[in-house]
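Read off the chains here:
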Amino acid sequence: MSKSFQDSLQPQAVCELADIMQVVMRVGVLMLQAGTVSFRVEQAMQRVALGLGAERLDAYVTFTGITASVHRGNQHYTQIARVSSVGVDMNRVGAVEFLSLHLPADASPSKLMALLDKIEQIPAVYPLPLVLLAVAIACGAFALLQGGGLVEFVGAAVGAGVGQTVRVYLRSLKLNLVPTTVVCAAIATLLCYLVVQGFAMVGQPTTYAQYGYVSSVLFQVPGAPLVTAALDLIRFDLLSGISRITYALILIFSLAAGIITAGALVNFSIM
Amino acid sequence: MLMPPLISFVYQAILSFVATVGFAMLYNVPKRALWICGLIGAGGHLLRLLLQEIGLNDSGATFFGALFVGLVGALPARRLQLPMILFAIAGILPMIPGIPAYKVLVYFSQGDTLGGLESAVKTLFSVGAIAIGIGTARILTDREWWLERN
């Protein structure tokens, strides 16, 4: 819409509703991308819209996009935002939700935009090498939990550590999530297999190698989308919940494809 | 592995704590919530083990484990003003049915359709029990889930 046309039609109000919508949408997109429940996204958007002087906000939040209308008097403004690259970033969910609950008294769209810029620039809580190490140890611990021993711990830790490293690299190239998952699952499984073989060569064979293989790919199991899907579904946010389940299933099948690929390379001796 | 029950419980507690904390770090959970996530993850897992020990079936035990994770997670969420979902996502981690899920793949790849289906059903029941446990906890602790809107 050109500026002059907008001005001649509705001097102030439309423009302002549009400004409010920009902030509200950004709040929604940031939260959805950080992997929270759709209703929480809607709630935060609503708080911000009302805090900025709108009378009502209707937000329709799905897993891949947000549609929202903001109302005041007889005026309304609608916008659609597509959301891609959903991940899990609990620090960001917390920061945006906290902002929506504690809006500054003199909140204005431009001021909130600046605050959201700041939230977006917050660096990761833990340095990358530490996260990689944590993922490796966590997957190793999971192998022990399932009933594995030292061999499985080392196999799962090495597989998961390297797998997650490759995954971070491939994500930085913005490679599609399906090939990323397949490749990283195959790498993790193969490395775990090599570790198991290595231990067998030095006289430490194991009969629980399966516990290692399954744990080495655990870092790619879409647990978060499954939990949020359950919470969406019981609130009857059906579209969002079903999309999340579909997303999780696609990733689980990709994982399986990766493990089978690795299996084919070693004559299915891991199966 | 055969271990005396108490040592085995401590062993399981430490491992589930470590696994939960590791994944919480992957999910970029704030530092002040990290150890709480670990405790909740270990608590849910131990409760499940205990219930299995006294004879409850897998799905029932998993349901109560997930219910514990969801209910207990609501407390630090309020106190620390953090999203509840954070504790739920990290806390259910030790209960993920990894082995049954892997067996689906193994059996199907060996042409054992029945075995594959059996493992698939087992996996689904475990995942379902986690989902229902977390869902029940949310309905009990959050009025936005308890009441229908409008």
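All of these numbers come straight from a predicted model, not from anything done at the bench.

**Quick notes on the domain arrangement of chain A**
Residue and element names in this part refer to chain A.
Next, step 1: Looking at chain A, the domain boundaries give domain 1 (3-121) and domain 2 (128-265).
Next, step 2: Put simply, the middle of domain 1 and the middle of domain 2, counted by C-alpha atoms, are 35 Å apart.
Next, step 3: Each side of the interface is counted separately: domain 1 has ten residues, and domain 2 has eleven residues.
Next, step 4: Tallied by class, the residues present in the side of domain 1 that touches domain 2 amount to five nonpolar, five polar and no charged.

**Re the nonpolar core**
Next, step 1: Core analysis: the largest hydrophobic core is formed by 141 residues, its most contacted members being Val24 and Cys139 of chain A together with Ile134 of chain B.
Next, step 2: Both of domain 1 (3-121) and domain 2 (128-265) of chain A provide at least three residues apiece to this core.
Next, step 3: Not counting chain neighbours up to four residues away, the residues in contact with Cys139 of chain A comprise Ala156, Ala157, Ala160, Ser215, Ser216, Leu218 and Phe219 of chain A.

**Regarding the pairing of strand β3 (residues 75-82) of chain A**
Residues and elements named next belong to chain A.
Next, step 1: Here strand β2 (residues 65-72) pairs with β3 via eight bridges, running antiparallel. Within the sheet, the bridge partner assigned to Ala68 lies in β3 and is Gln79.
Next, step 2: Connecting β2 to the antiparallel partner β3 that follows it, the hairpin turn spans two residues, and Gly73 within it adopts a positive phi of roughly 60 degrees.

**Overview of helix α10 (residues 223-234) of chain A**
Next, step 1: If you check α10 of chain A, its first and last C-alpha atoms are 17 Å apart, about what twelve residues at 1.5 Å a residue would give, namely 16 Å.
Next, step 2: Within α10 of chain A, ten of the twelve residues are buried, which leaves the element mostly enclosed by the surrounding structure.
Next, step 3: Every buried residue of α10 of chain A is listed here: Gly223, Ala224, Pro225, Leu226, Val227, Thr228, Ala229, Ala230, Leu231 and Asp232 of chain A.
Next, step 4: Contact partners of the buried residues in α10 of chain A: α3 (38-51) and α11 (238-265) of chain A together with α4 (84-91) and α6 (113-141) of chain B.
Next, step 5: Following α10 of chain A by one or two positions, Phe236 of chain A adopts a phi angle in the positive range, close to 60 degrees.

**Some thoughts on the pairing of β2 of chain A**
Next, step 1: Here six bridges tie strand β1 (residues 56-61) of chain A to β2 of chain A, and the two strands are oriented antiparallel to one another. Bridge pairing in β2 of chain A links Asp58 of chain A to Ser69 of chain A.

**A look at the sheet that holds β3 of chain A**
Residue and element names in this part refer to chain A.
Next, step 1: Pairing is antiparallel across the open sheet formed by three strands, whose spatial order is β1-β2-β3. Each edge of the sheet is formed by a strand with only one pairing partner; in this case those strands are β1 and β3. Within the sheet, the average angular offset between the axes of one strand and its neighbour, ignoring direction, is 10 degrees.
Next, step 2: Each of β1 and β2 touches α3; the most contacted strand, β1, lies at about 155 degrees to it.

**Description of the environment of Arg92 of chain A**
Next, step 1: Inspection of the secondary structure assignment puts Arg92 of chain A in helix α4 (residues 90-101).
Next, step 2: A C-alpha to C-alpha distance of 15 Å links Arg92 of chain A and Met25 of chain A, two positions 67 residues apart in sequence.

**Overview of the packing of helix α8 (residues 177-201) of chain A against helix α9 (residues 209-216) of chain A**
All names here are of chain A.
Next, step 1: Relative orientation of the contacting elements α8 and α9 amounts to 150 degrees, with a least axis distance of 8 Å. As judged from the angle between their axes, α8 and α9 are roughly antiparallel. As α8 runs across α9, the sense of the crossing is right-handed. Contacts from Ala188, Thr189, Cys192 and Val196 in α8 reach Ala209, Gly212, Tyr213 and Ser216 in α9.
Next, step 2: By residue class, the composition of the contact of α8 with α9 is five nonpolar, three polar and no charged.

**Some details on the interface of chain A and chain B**
Next, step 1: At the junction of the two partners, chain A supplies 49 residues and chain B supplies 42 residues.
Next, step 2: Elements that contribute at least two residues to the side of chain A that touches chain B include exactly α3, α4, α6 (128-146), α9, α10 and α11 of chain A.
Next, step 3: When residues in the side of chain A that touches chain B are grouped by element, the largest group, ten residues, is from α6 of chain A.
Next, step 4: Of the residues contributing to the side of chain A that touches chain B, the split by class is 35 nonpolar, ten polar and four charged.

**Regarding the packing of α6 of chain A against α9 of chain A**
How two helices sit against one another is set out by the angle between their axes and by the gap between those axes.
All names here are of chain A.
Next, step 1: Between α6 and α9, the least distance of the axes is 8 Å, while the angle of their chain directions is 145 degrees. As for the relative orientation of α6 and α9, their crossing is right-handed in sense. Mapping the contact onto sequence places Cys139, Phe142, Ala143 and Gln146 in α6 and Tyr211, Gly212, Ser215 and Ser216 in α9.
Next, step 2: The residue makeup of the contact of α6 with α9, split by class, is four nonpolar, four polar and no charged.

Analysis parameters
- Residues numbered from 1 in each chain as written.
- Chains lettered and ligands numbered in written order.
- Predicted model: local features only at pLDDT ≥ 70, side-chain atom pairs only at ≥ 80, totals over all residues.
- Domains from an automatic or database assignment.
- Contact = placed C-beta atoms within 7 Å.
- Nonpolar A, V, L, I, M, F, W, Y, C, P; charged D, E, K, R; others polar.
- Core = buried A, V, L, I, M, F, W, Y, C linked by C-beta atoms within 7 Å.
- Buried ≥ 20, exposed ≤ 12 C-beta atoms within 10 Å, placed from the backbone.
- Pairing = 2+ DSSP bridges.
- Helix = DSSP H or I, 4+ residues; strand = E, 2+ residues; numbered from the N terminus.
- Expected span 1.5 Å × (residues − 1).
- Axes fitted to C-alpha atoms, helices over the stretch in contact; angles between N-to-C directions.
- Parallel < 35°, antiparallel > 145°, perpendicular 65-115°, else oblique.
- Left-handed = near helix turned anticlockwise from the far one by under 90°.

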